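# Coordinate inspection notes
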Amino acid sequence: MSSSLEFILEGLEMILAPGAEAMTVQQALGVRSLADMPTALKRAGYEVCYVDLPDKVSGFAQVIEGQPHIVLNRAKSAEHTHFTVPHELGHHVLHLDASRDPQLGLPSEGLAEFQAHQFATLCILLLANEREREDVLNENPELLLVAATSLLMTAGVILIPLIVHLWSSLCGLPRPVAEK
Ligand SMILES: [Zn+2]
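Every value quoted in this text rests on a predicted model; they were computed, and no experiment measured them. (Residues numbered from 1 in each chain as written. Predicted model: local features only at pLDDT ≥ 70, side-chain atom pairs only at ≥ 80, totals over all residues. Heavy atoms only, no water.)

## Comments concerning the overall build of the protein chain
Selection rule: To qualify as a helix, a DSSP run of H or I must reach at least 4 residues; to qualify as a strand, a run of E must reach at least 2; elements of each kind are numbered from the N terminus. Buried residues are those whose accessible area, probed at 1.4 Å on protein chains only, stays under 20% of the maximum for their type, while exposed residues exceed 50% and partly exposed ones sit between those limits. By definition, residues are in contact when any of their heavy atoms lie within 4.5 Å. Per-residue accessibility takes into account occlusion by the displayed protein chains alone, with areas from the Shrake-Rupley method and a 1.4 Å probe. Note on charges: Lys and Arg go in the positive column, Asp and Glu in the negative column, and His and the chain ends are not counted at all. For charged residues, the charge sits on one atom: NZ in Lys, CZ in Arg, CG in Asp, CD in Glu.
Each helix and strand in the protein chain was counted, giving 6 helices and 3 strands. In the protein chain, the order of α-helices and β-strands from amino to carboxyl end is α-α-β-β-β-α-α-α-α. With 180 residues in all, the protein chain has 37% of them scored as buried. Counting contacts in the protein chain only where the partners sit at least 6 residues apart, residues at least 24 apart contribute 58% of the total. Accessible area of the protein chain: about 11,000 Å², with a carbon and sulfur share of 61%. Counting 11 positive and 22 negative side-chain charges, the protein chain places the averaged centre of each group 3 Å from the other.

## With respect to the coordination of the zinc ion
To keep it simple, the criterion reads: Donor atoms: N, O and S within 2.8 Å of the metal, or within 3.2 Å for Na, K and Ca. Because water is excluded, sites can look incomplete. Key to geometry: four donors with every angle between 85 and 135 degrees are tetrahedral; four donors are square planar and six octahedral where opposite donors lie over 155 degrees apart and all remaining angles lie between 65 and 115; all other sites are irregular.
The zinc ion binds to the protein through His87 (NE2), His91 (NE2), Glu113 (OE) and Glu113 (OE); the donor distances cover 2.0 to 2.4 Å. In this structure, the zinc ion is surrounded by 4 donor atoms whose angles at the metal cover 54 to 130 degrees, and the resulting shape is irregular. On the basis of relative accessible area, His87 is assigned to the buried category, the value being 6%.

## Details of the pairing of strand S3 (residues 67–73)
In plain terms, the rule: A strand pair is defined by DSSP finding two or more bridges across the two strands.
With 6 of its 7 residues buried, S3 lies for the most part within the structure. Bridge analysis of strand S1 (residues 47–51) against S3 gives 5 bridges, and the strand direction is parallel. Bridge pairing in S3 links Cys49 to Val71. Pairing of strand S2 (residues 59–64) with S3, which is carried by 6 bridges, proceeds in the antiparallel orientation. Looking at S3, one finds that Gly59 is bridged to Leu72.

## Let's talk about the packing of helix H4 (residues 109–127) against helix H6 (residues 142–170)
Rules: The convention used is that axes are lines fitted to C-alpha atoms, helices contributing only their stretch in contact, and that angles between N-to-C directions extend from 0 to 180 degrees. Angle categories: roughly parallel below 35 degrees, roughly antiparallel above 145, roughly perpendicular from 65 to 115, and oblique for all the rest. Classes in brief: Ala, Val, Leu, Ile, Met, Phe, Trp, Tyr, Cys and Pro nonpolar; Asp, Glu, Lys and Arg charged; the others, Gly included, polar.
At a closest axis distance of 9 Å, the pairing of H4 and H6 adopts a crossing angle of 105 degrees. Taken together, the axes of H4 and H6 are roughly perpendicular relative to one another. Facing H4, whose interface residues are Phe114, His117, Gln118, Thr121 and Ile124, H6 presents Glu142, Leu143, Val146, Ala147, Thr149, Ser150 and Met153. Here the residues of the contact of H4 with H6 sort into 6 nonpolar, 5 polar and 1 charged.

## Points about the side chain of Thr81
Among the secondary structure elements, Thr81 is positioned in helix H3 (residues 78–96). Residues within four places of Thr81 in sequence aside, it is in contact with Tyr50, Leu72, Lys76 and Pro86.

Encoded structure:
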């Protein structure tokens, strides 16, 4: 495979994997709406609880004695929590599941947050009806930024090698040698 194609595929996988994972998980859990999510999670063995947390903490994901917990700040609005639940589920699926390929391992904190945001964004795009989507967006404006960044990164990963390829063809530079 040529190295630029490999670069494109690896980049796309890194960017799109959390979204693809969100689709698989949402189907496996049989979640049909955002409001249905906590119930579906409990059915699947998650403990979902609402507690007093500092204002800047929306919630967190933790495995306690082998059981995945999603702990939510009970002072937050329902619309806010609609985003927090799939975000924390994203941490469980992408970062806390010990049975997963260790190669995916633990990314840096910033990347982990971005991936959980992507996971949650896709859940919301798949599950929310129009009104819910608007409410969740109003409460969680960072959602749009995550979606836009993913799109830009996807475009970048596809376009940059293409531009390099065209540029080197136009300028008659030797192209990268295909790896065996
Ligand atoms: Zn997080």
